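# Reading the structure
Next come the chains, spelled out residue by residue.
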Amino acid sequence: MGEILTVTIPKQHCRSCGHLLDAASGLEGTPKPGSVTLCIRCGTIHLFTPKMRVRLPTDGEMLDLMLSKNWGQIMLAQKTVRAFQTLASLSRQA
Ligand SMILES: [Zn+2]
């Protein structure tokens, strides 16, 4: 697996949970238009538009992602985000 690079992106909100996003980590190097990114809070999959705004994938794009060689890595990243958030919420309750 390559190095994970984090870049600053225009401030915007997750399309699913509304979390403020201002940075993104690339699963395939530096994030660029069309790259997949995950919300750091809820793990929702987004794609970057040409202006580096996030948007939800269409059903067809999701299918393409699921069939791509990167799907395993995307799922692993999503599980990691969600596991981290579960741990964070448990530690807040303790
Ligand atoms: Zn979110």
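You'll find the structure just up there.
Now for a look at the structure at hand. (Residues numbered from 1 in each chain as written. Predicted model: local features only at pLDDT ≥ 70, side-chain atom pairs only at ≥ 80, totals over all residues.)

### Focus: the overall build of the chain
Summing up its helical and strand segments, the chain has two helices and five strands in all. Going from the N terminus to the C terminus, the chain shows its helices and strands as β-β-β-β-β-α-α. Relative to the compact-globule value of 12 Å for 94 residues, the chain shows a C-alpha radius of gyration of 13 Å, a close match. Dimensions of the chain along its principal axes, counting C-alpha atoms only, are 40 × 30 × 30 Å. (Helix = DSSP H or I, 4+ residues; strand = E, 2+ residues; numbered from the N terminus. Rg over C-alpha atoms; globule rule 2.2 N^0.38 Å.)

### With respect to the sheet that holds strand β4 (residues 45-48)
Read from one edge of the open sheet, three strands run β3-β4-β5, paired in antiparallel fashion. In this open sheet, the two edge strands, each paired with only one partner strand, are β3 (36-38) and β5 (54-55). When β4 meets β5, the two strands line up antiparallel, connected through two bridges. Pairing of L47 across the sheet is with R55, part of β5. (Pairing = 2+ DSSP bridges.)

### Structural notes on unusual backbone geometry
For M52, which is not a glycine, the phi torsion comes out positive at approximately 60°. If you trace the backbone, M52 turns up in the loop between β4 and β5.

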